[in-house]
Amino acid sequence: MSDAPLRLRFAPSPTGFFHVGGARTALYNWVLAKRLGGTFVLRIEDTDEARNSPEWTQGIIDALAWLEISADDPAFEGPYFQSRHRDAHIAAARKLFDTGQAYYCDLTSEQIAERAKASGVQGYDGSSRDRGLGPGPGHVLRFRVPDGETIVEDLVRGRVEFNNDTIEDFVLLRSNGSPMFLLANVVDDMDEKINLVIRAEEHLPNTPKQQLLWDALGEPPPQWAHVPVLVNEQRKKLSKRRDKVALEQYRDEGYVMGAMRNYLMTLGWAPAGDQEIVAWSQIEGEFTLDAVNRSPAFFDLKKLAAFNGEYIRMMSREEFAHAARPFVDAWFAANPQATMNESWLATMLPLLQTRIVTLAEVPAQIDFLFIGDPVIDDDSWAKAMKDPAPQVLADVISAYAQTPWNADALKDTLDAVGQTYGLKLGKTQAPIRVAVTGQRVGPPLFEPLELLGRDETIRRLQAAATRIASTR
RNA sequence: GCCCCCAUCGUCUAGUGGCCUAGGACACCACCCUUUCAAGGUGGCGGCACGGGUUCGAAUCCCGUUGGGGGUGCCA
């Protein structure tokens, strides 16, 4: 490798939501840029006019920022837009044509398919190579693949050999004159002085073609590193159609950045030691490409969830309250009849921190506090209100009329009632919990009772007693 | 079809010829703790795809088989 400063790039196309696979590739590029003092170039490959849309570009920038790949960081350069370099791509194409390394071809896709069918050999057969065609309507510019073999030295996969006979004369310029990916990508890498390309393995078959282009244009190719693809449970490449791949969606569902970032890094790589949940600083200090795995990795939602729960538990109370806030606010916005009580929220939040996996679960755990009547879950009701629950309920109502109103006393009083029926506390609290919260499971019970106060608690207990009476 | 890549518990991985009776994590199961549910603790289940070599010695090196994946566009 030369002594030139390390320049990496991440080159997504703005054709949809930001993909978790793209996020992993971006992270691998970013961590190396930070680790080695290199530059991370963001290049938006917006040359597919049919599928591009400007809003996706902002989505990419926002998603990267969420992962703390910040446009404000000195290591970050860009974004550059490939579409603005069209002239350079075309100039490179012209140079290849002028030097005899590319030629025009007027065959349509249909004609090529017919010839392939007739000859039994798939792909384009190079039949226009020596026809001396110039540019014109319906003419594409094709690269004249030289004889020999192309050897790709890959930092992850080692030496990969391709016989040039297996590489067809690929298209550089469409018949409308616009440059194609293979060319544009190389010319931009050249212009931006990229010397290490880290991308997904699906690009490995493109690499000999691109390396040939570098040679033909008279520049030494960059180093390559092809990282394994991310796959679904069927072990197929993650796809936007089939799989949940939008990074934004995970963020909106309450996955936290640290967990996502840490998890993504462990798909194909592992930090030293027995710990895989580690600080970003450790990852930055340890990551190397030769330690990256070569086989595809399954993007496992369960493990992501486990990481997320772990990261939530690692938060301080303040961090957790801050992180949960948008989800609480969203719930109140959707439930205008509910009344916010900041102090109650602050009391409950710490009780939730070990009980949720995503931040989006927060509102459902505490909503009963802020609405007039809890929404009774039928299944919970049926299970909790079996005998002797009605009698327990009645006894608790009268006992709670005079108990000192604090969580400890409420617990002791309830326990005492239960014992007269030979019940353990776990059983005794069930009907009370359902009466007050509507649910059989939830956060610890006595703290919210204390918050709700004697009147409201007894009102809810009585409502439950009435409901029992009316269904008998 | 052709080209290329890959192959350690169900999953993500550690392992770079002896430290491996293969380690960790997720998931799963059991027990403990416990006001429900979690969290936490303890323990358990479970793997080097197969067949040949090389070597005193192979999860590690070589070859083959099988299996999986990627590519094969006037998409990127």
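Here the structure is a predicted model, which is why all the values come from computation and not from measurement.

1. Details of the overall build of chain A
Counting secondary structure elements, chain A contains 18 helices and 12 strands. What you see for chain A is a C-alpha radius of gyration of 31 Å, clearly larger than the 23 Å of a compact globule of 472 residues, by over 25%. Considering only C-alpha atoms, chain A reaches an extent of 100 × 50 × 35 Å along its principal axes. Across the 472 residues in chain A, those meeting the buried criterion constitute 51%. Carbon together with sulfur atoms contributes 50% to the accessible area of chain A, which is approximately 22500 Å² in total.

2. Description of the protein's contact with RNA strand B
As a structural note, the neighbourhood of RNA strand B is formed by 62 residues, with Asp 48, Arg 174, Gly 268, Glu 276 and Thr 354 the closest of them. Taken together, the sugar and phosphate atoms account for 71% of what RNA strand B places within 4 Å of the protein. In this structure, Ser 175 approaches RNA strand B through a side-chain N or O atom, which is 3.0 Å from a base oxygen. In the model, a sugar or linking oxygen of RNA strand B is placed 2.5 Å from a nitrogen or oxygen of the Asp 274 main chain. Breaking the surface near RNA strand B down by element, the ones donating at least two residues are strand S5 (140-143), strand S7 (158-163), strand S12 (297-298), helix H10 (301-314), helix H17 (425-437) and helix H18 (446-470).

3. Some details on empty space enclosed by the protein
Scanning the model with the defined rule gives 1 cavity of 30 Å³ or more in all. Counted as a void, the largest cavity has a volume near 40 Å³. Listed by contribution, the elements that provide at least two residues to the lining of the largest cavity are helix H11 (317-334) and helix H13 (362-366). Classifying every residue of the lining of the largest cavity by side-chain character gives 6 nonpolar, no polar and 1 charged.

4. Focus on helix H3 (residues 86-98)
Spanning 13 residues, H3 covers 18 Å between terminal C-alpha atoms, matching the ideal 18 Å at 1.5 Å per step. On its buried face, H3 sits against strand S4 (102-105), S5, strand S8 (171-173), helix H5 (181-191) and helix H6 (207-216). Of the residues flanking the end of H3, it is Gly 100, one or two places downstream, whose phi is positive at about 80 degrees.

5. With respect to the packing of helix H15 (residues 389-400) against H18
Packing of H15 against H18 leaves a shortest axis separation of 10 Å and a crossing angle of 135 degrees. The orientation of H15 with respect to H18, classified from their angle, is oblique. Between H15 and H18 the crossing geometry is left-handed. Between H15, through Pro 390, Leu 393, Val 396, Ile 397 and Tyr 400, and H18, the contact on the second element is made entirely by Phe 446, Leu 449, Arg 454, Thr 457, Ile 458, Leu 461, Gln 462, Ala 464, Ala 465 and Ile 468. Its residues placed into classes, the contact of H15 with H18 shows 12 nonpolar, 2 polar and 1 charged.

6. Focus: the pairing of strand S9 (residues 196-200)
Extensive coverage of S9 is indicated by the burial of 5 of its 5 residues. Bridge count between S9 and strand S10 (residues 223-227): 5 bridges; the pairing is parallel. Following the sheet pairing, Val 197 is matched in S10 by Trp 224. The parallel pair S9 and S10 is bridged by H6, and the resulting crossover is right-handed.

Calculation criteria
Residues numbered from 1 in each chain as written. Chains lettered and ligands numbered in written order. Predicted model: local features only at pLDDT ≥ 70, side-chain atom pairs only at ≥ 80, totals over all residues. Heavy atoms only, no water. Helix = DSSP H or I, 4+ residues; strand = E, 2+ residues; numbered from the N terminus. Rg over C-alpha atoms; globule rule 2.2 N^0.38 Å. Buried < 20%, exposed > 50% of the residue type's maximum accessible area, 1.4 Å probe, protein only. Areas by Shrake-Rupley, 256 points an atom, 1.4 Å probe, with all protein chains shown as cover. Near = heavy atom within 4 Å. Polar contact = N/O pair within 3.5 Å; in protein donor to acceptor, adjacent residues only side chain to side chain. 1 Å grid on protein atoms, 1.4 Å probe; cavity = no way out; pocket = protein on both sides within 12 Å on 5 of 7 lines; lining within 4 Å. Points joined across faces, edges and corners; volume = space filled by probe spheres on them. Nonpolar A, V, L, I, M, F, W, Y, C, P; charged D, E, K, R; others polar. Expected span 1.5 Å × (residues − 1). Contact = heavy atoms within 4.5 Å. Axes fitted to C-alpha atoms, helices over the stretch in contact; angles between N-to-C directions. Parallel < 35°, antiparallel > 145°, perpendicular 65-115°, else oblique. Left-handed = near helix turned anticlockwise from the far one by under 90°. Pairing = 2+ DSSP bridges. Right-handed = clockwise from strand over helix to strand, strands pointing away.

As far as function goes, none of this settles anything; it's purely spatial.
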